[in-house]
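Single-letter residue listing:
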Amino acid sequence: FLKADLADRLKDSALATSSLERGLVLGGTHNKEVGFLIRLYLANNQQEKAVTLAQQSIAGLPPDAVVREEFAAILDDLQLGSNALAAWKRVLEAKPDSERAHYRIARLLLESGDASSAEQAAKEGIEAAPKSAELYIVEADALKKEGQMYGARRALEEGASVVADPALLAHLAGTEDT
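Cut-off values and rules
Residues numbered from 1 in each chain as written. Predicted model: local features only at pLDDT ≥ 70, side-chain atom pairs only at ≥ 80, totals over all residues. Heavy atoms only, no water. Helix = DSSP H or I, 4+ residues; strand = E, 2+ residues; numbered from the N terminus. Buried < 20%, exposed > 50% of the residue type's maximum accessible area, 1.4 Å probe, protein only. Polar contact = N/O pair within 3.5 Å; in protein donor to acceptor, adjacent residues only side chain to side chain. Contact = heavy atoms within 4.5 Å. Expected span 1.5 Å × (residues − 1). Core = buried A, V, L, I, M, F, W, Y, C linked by side-chain atoms within 4.5 Å.

*Asks:* Quick rundown of the side chain of Ser 98? Include the residues and the values.
*Replies:* With respect to the secondary-structure elements, Ser 98 resides in the loop between α6 (81-94) and α7 (99-111). Under the relative-accessibility criterion, Ser 98 is labelled buried at 3%. Of note is the side chain of Ser 98, whose polar atom sits 3.1 Å from the backbone nitrogen of Ala 101. Sequence-distant contacts of Ser 98, defined by excluding residues within four places in its chain, comprise Glu 69, Val 91 and Leu 92.

*Asks:* How would you summarise helix α9 (residues 133-145) if you had to cite specific residues and measurements?
*Replies:* Between the first and last C-alpha of α9 there are 19 Å, a value that for 13 residues agrees with the 18 Å anticipated at 1.5 Å per step. Of the residues making up α9, those classed as buried are Ala 133, Leu 135, Tyr 136, Ile 137, Val 138, Glu 139, Ala 140, Asp 141, Ala 142 and Leu 143. After α9 finishes, the residue Gly 147 shows a positive phi value of roughly 80°.

*Asks:* Could you give me a rundown of the nonpolar core, with the residues and numbers involved?
*Replies:* By size, the foremost hydrophobic cluster in this structure holds 52 residues, and its most contacted members are Ile 38, Phe 71, Leu 75, Trp 88, Ile 105, Val 138 and Leu 168. No other element matches the 8 residues that α9 contributes to this core. Discounting chain neighbours no more than four positions away, the residues touching Leu 168 are Ala 133, Tyr 136, Ile 137, Leu 156, Gly 159, Ala 160 and Val 163.

Here it is, written out as C-alpha cells:
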C-alpha cells in the first residue's frame, strides 16, 4: 500500500492501481485502500471494475458497524448511489438504530427517484431515531415529490414537535398551505 501511495503522489495511476490490486489480494479489511482503488478505476473510466470491487467489498464487510459505516461513507463520497445504498443497508444489519444510515438510505432512494421507498425508509428511520430532524425533512421531501403537500407539512410539524432544529423549522416555515 505504501508503493501505491507513492505512485499516486508521482501521478502514476497505473502503478498505484496494480499496487493496490496486489495488496488487496492479501485480504483483510482495508476500506481506505479499496476506496482509493475504486476512485482510480473511476478516474480511468473503468466503471465496471469499480462497481465490481464495490459489490465484492460490500458483500465481505465485517460485522463491525463502524467499519461498515466508514465504507458506506466512502461509496457515498464517490457518488456510487446504488452501491452506497447497499452499503448503508449493511450498516443497519450491524446497527439497526443508526440515524446516519437511515438518513442516507432515505436520501439516496429519494435522489434515485423512488419517493415512495424514500418515504417508507424515512418513517422506519424515525421509529429508530425519533429525534432526527434530517429524517423528518427527507420524509417531507419525499411526500412533496409524491404531490402530498399537506402530508409533507404534517411530517415537518411532527418533527418540530419532537426536536427543535433550525433546518427543520426553516423547512416548515417554507411550506405553504395550498
